[in-house]
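# Coordinate inspection notes
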Amino acid sequence: MFPVELRGTKAQTLLWAHEHEIEPAAVRQLRNIAQLEWVYGVRVMPDVHLGKGATVGSVIAMRDAVAPAAVGVDIGCGMESVRTDLTAADLPDDLRGLRARIEAAVPVGFQAHKEAVNVARLGAEFAGSHGDAARKARGWDRFWGAFGDLDPGVGALESKAHKQMGSLGGGNHFIEVCLDEHERVWILLHSGSRNIGKELAERHMAVARTLPHNRDLPDRDLAVFLSGTPEMDAYRRDLTWAQEYAARNRAVMLSLVCRAVRDEFAGREVLFETPISCHHNYVAEEMVDGMPMLITRKGAVRAGEGDLALIPGSMGTRSYVVRGKGNPASFQSASHGAGRRMSRTKAKKQFTVADLVAQTEGVESRKDAGVVDEIPAAYKGIDEVIEAQRDLVDVVATLRQVLCVKG
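The protein chain is annotated in an unreviewed UniProt entry as 3'-phosphate/5'-hydroxy nucleic acid ligase of Nocardia puris. Under the heading Catalytic activity (unreviewed entry), UniProt records this for the protein chain: "a 3'-end 3'-phospho-ribonucleotide-RNA + a 5'-end dephospho-ribonucleoside-RNA + GTP = a ribonucleotidyl-ribonucleotide-RNA + GMP + diphosphate".

### Description of the overall build of the protein chain
Assigned secondary structure in the protein chain consists of eleven helices and 17 strands. Over its C-alpha trace the protein chain gives a radius of gyration of 21 Å, about what one expects of a compact globule, namely 22 Å for 407 residues. With the principal axes as the frame, the protein chain shows a C-alpha extent of 65 × 50 × 40 Å. A total of 407 residues make up the protein chain; the buried ones form 57% of that total. Looking at the protein chain alone, contacts between residues at least 24 apart form 76% of all its contacts between residues at least 6 apart. For the protein chain, the exposed surface amounts to about 16400 Å²; the carbon and sulfur share of it is 50%. Where the 51 positive side-chain charges of the protein chain centre and where its 54 negative ones centre are 3 Å apart.

### Points about unusual backbone geometry
Generally, phi is negative for residues other than glycine and the peptide bonds are trans, each holding for most cases. Between Phe2 and Pro3 the backbone carries a cis peptide bond, its omega angle lying at 5 degrees. Considering the arrangement of structural elements, one finds Pro3 in the segment before strand E1 (4-5). At Asp289, a position not held by glycine, the phi torsion is positive, near 50 degrees. When you line up the elements, Asp289 lands in the loop between strand E11 (281-288) and strand E12 (291-298). Of note, Phe331 is a non-glycine position whose phi angle comes to about 55 degrees, a positive value. For Phe331, a relative accessible area of 5% gives the class buried.

### Quick word on the UniProt feature "binding site: Mn(2+) 2" (unreviewed entry) in the protein chain
Taking the UniProt record as the reference, the feature "binding site: Mn(2+) 2" (unreviewed entry) is found at His190 and His280. The largest pairwise C-alpha distance within this set of annotated residues, which runs over 91 residues, is 10.1 Å, so the set is compact in three dimensions. The buried category is assigned to His190, whose relative accessible area is 4%. Other than its neighbours up to four places away in sequence, His190 contacts Cys77, Gly78, Met79, Leu168, Asn172, His173, Phe174 and His280.

### So, the sheet that holds E12
If you walk across this open sheet you meet the six strands as E1-E2-E3-E4-E12-E11, and the pairing is mixed. In this open sheet, the two edge strands, each paired with only one partner strand, are E1 and E11. Alignment of strand E4 (residues 56-62) against E12, held across five bridges, turns out to be antiparallel. Paired with Ile60 across the bridge in E12 is Thr296. Against the sheet, helix H1 (residues 24-35) makes contact with strand E2 (12-15), strand E3 (39-49) and E4, and its axis sits at roughly 165 degrees relative to E3, the strand it touches most. Here helix H8 (residues 230-264) sits on the sheet in contact with E11 and E12, set at roughly 115 degrees to E11.

### A word on helix H7 (residues 194-209)
The terminal C-alpha atoms of H7 lie 23 Å apart, and with 16 residues this matches the ideal 22 Å at 1.5 Å per residue to within 8%. Along H7, the residues that are buried comprise Arg194, Asn195, Ile196, Gly197, Glu199, Leu200, Ala201, His204, Met205 and Ala208. Looking at the buried residues of H7, the elements they touch are helix H6 (158-164), strand E8 (184-191), strand E9 (225-226) and H8.

### Comments concerning the packing of H7 against H8
Look at H7 against H8: their axes get within 10 Å of each other, and the N-to-C directions meet at 165 degrees. Put simply, H7 runs roughly antiparallel to H8. Relative to H8, the crossing made by H7 is left-handed. Side by side, H7 and H8 meet where Arg194, Ile196, Gly197, Leu200, His204 and Val207 of the first sit next to Glu231, Ala234, Tyr235, Asp238, Trp241, Ala242, Tyr245 and Asn249 of the second. Across the contact of H7 with H8, the residue classes break down as eight nonpolar, three polar and three charged.

### Remarks on the nonpolar core
Of all hydrophobic cores here, the largest spans 84 residues; its most connected members are Ile102, Trp144, Ile175, Ile196 and Trp241. Per-element tally for this core: the top contributor is H8, with 14 residues. Here Ile196 is in contact with Phe147, Val154, Leu157, Ala161, Trp241 and Tyr245, once residues within four sequence places are set aside. Cys178, Tyr320, Ala378 and Ile382 belong to the second largest nonpolar core, which has 48 residues in total.

### Considering the pairing of E3
For E3, the buried fraction is high: ten of the eleven residues fall into the buried class. In this structure, E2 lies alongside E3, joined through four bridges in parallel fashion. Residue pairing across strands places Gln12 opposite Gly41, the latter belonging to E3. In this region the chain leaves E2, passes through H1 and returns to the parallel neighbour E3; the handedness of that crossover is left-handed. Of the strand pairs in this sheet, E3 and E4 are connected by six bridges, and their pairing is antiparallel. By the bridge assignment for E4, Val44 is matched with Ser58. Linking E3 to E4, which pair antiparallel, is a turn of six residues; within it Gly53 sits at a positive phi near 80 degrees.

Cut-offs applied
Counting restarts for each chain: residues are numbered from 1 in the order of the written sequence. For this predicted model, a pLDDT threshold of at least 70 governs which residues receive local features, and a threshold of 80 or more governs which side-chain atom pairs are given and counted, while totals over whole chains, interfaces and linings are taken from all residues. Side-chain figures throughout are based on the complete set of non-hydrogen atoms in the structure, without hydrogens or water. UniProt positions are given in the numbering used here, feature names are shortened, and annotations may be inferred rather than shown by experiment. The helix count covers DSSP runs of H or I at least four residues long, the strand count covers runs of E at least two residues long, and both are numbered beginning at the N terminus. Radius of gyration means the value over C-alpha atoms here, while the globule rule gives 2.2 Å times the residue count to the 0.38 power. Only protein chains enter the area calculation, which uses a 1.4 Å probe; residues under 20% of their type maximum are buried, those over 50% are exposed, and those in between are partly exposed. Contacts between residues were defined by any pair of non-hydrogen atoms, one from each residue, lying within 4.5 Å. Accessible surface area values rest on a Shrake-Rupley calculation with a 1.4 Å probe, where residue burial reflects the displayed protein chains alone. Positive residues here are Lys and Arg, negative ones are Asp and Glu, while His and the chain termini are left out of the count. Note that the charge is assigned to NZ on lysines, CZ on arginines, CG on aspartates and CD on glutamates. By definition, two strands form a pair when at least two bridges between them are found by DSSP. Here an angle of 0 to 180 degrees is reported between the N-to-C directions of two axes, which are lines fitted to C-alpha atoms, with helices fitted over the stretch in contact. One less than the number of residues in a helix, times 1.5 Å, gives the span that helix is expected to have. Geometric relationships in this document are graded by angle, where less than 35 degrees denotes roughly parallel, more than 145 denotes roughly antiparallel, 65 to 115 denotes roughly perpendicular, and other angles denote oblique. Handedness of each helix crossing follows the sense of rotation of the near helix against the far helix: counterclockwise by less than a right angle gives left-handed, clockwise gives right-handed. Note that Gly is not counted as nonpolar here; it falls among the polar residues with everything else outside the nonpolar set of Ala, Val, Leu, Ile, Met, Phe, Trp, Tyr, Cys and Pro and the charged set of Asp, Glu, Lys and Arg. Each nonpolar core is a collection of buried residues, namely Ala, Val, Leu, Ile, Met, Phe, Trp, Tyr and Cys, held together in the definition by side-chain atoms within 4.5 Å. By the criterion used throughout, a crossover qualifies as right-handed when its path from the first strand across the helix to the second strand runs clockwise, the strands pointing away from the viewer.

If you want it as structure tokens, here you go:
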């Protein structure tokens with residue numbers, strides 16, 4: 001059934017969704033992207049919806065160019081998950097205590113740690129049972145030492161960036177405790193590069209709009225940087241750093257959550273397997289049809305053959321661990337989640353706290369007006385999204401939420 005071609009575009013645009021199911025503004029956005037002279041091809045995932053500048057759920061192959069909007073402002077946003085040796089039988093009937101421990105360990109929303117997390121101690125604490133955290137705890141001096149090379153406009157934000165390392169953020173970001181089909185307990189989280197990634201992205205987007213070659217674009221938000229220019233070099237430098245910040249942020253958060261879980265089960269040793277981690281807002285250099293391309297995935301994950309990835313649903317449904325099939329038709333990509341079916345503003349107008357309570361029954365979570373815009377009905381059905389990309393990924397595990405922390 002999929003993919004289907006979006007007709008009348010300059011660059012080939014293949015959809016893992018039906019055009020009539022996509023909001024008209026998002027279709028126009030996709031057409032604008034495909035008209036750019038540097039674009040080789042566009043691939044559209046089943047969770048597609050309108051985004052700023054570039055569409056969420058889009059994979060764009062460009063020759064010697066990158067559009068910052070095709071990455072988005074939350075550079076490096078993605079997922080991380082780990083399976084534990086706990087089972088459903090080990091969990092208490094009331095999960096409020098565990099949620100409180102996690103919320104005490106990880107700042108949410110606009111909050112940050114009062115003092116930067118001691119990542120060296122955190123990494124040592126998990127060496128042997130959470131080895132990925134220990135590995136990522138190395139190289140911090142190199143990482144933070146590169147801060148001074150970033151855009152001068154963010155120089156005053158270094159202290160804030162330190163304190164936000166290991167924090168969740170808000171919106172659709174979350175920390176969850178889930179059960180798979182075999183009643184095994186998983187930890188799953190979704191976050192990005194926090195305020196520092198947003199600040200870097202917005203500064204570079206503003207620069208791109210001023211460049212002469214972007215003067216006649218159908219949408220100025222699609223402004224691009226060209227390879228071999230100082231502007232591109234500066235963007236790629238900051239982008240690479242922000243992508244690493246996001247990955248490190250998730251690793252630190254996961255370790256903090258694992259520690260909270262260990263504290264909750266102080267009477268036994270809790271073991272953690274090797275984590276699964278993936279970006280879904282990023283740039284990569286990849287080969288397409290035998291040619292080197294700059295691939296931007298905005299709301300999409302890499303699904304190369306054998307690649308493990310995480311595709312979450314909404315806070316009251318389920319999420320999936322998947323393995324990529326390496327389908328070249330999608331530029332070896334898959335969706336990053338369920339995708340919104342309505343804006344946050346519309347969701348707040350259409351649904352009440354009572355609706356949220358009903359739709360998140362059985363999940364220990366916030367159930368107040370502050371997260372009504374994250375109600376499951378504001379998202380597409382995750383099962384249908386997974387079904388639409390059976391040629392892109394195989395399902396490894398299905399996770400249902402029993403606890404969800406949101407900002």
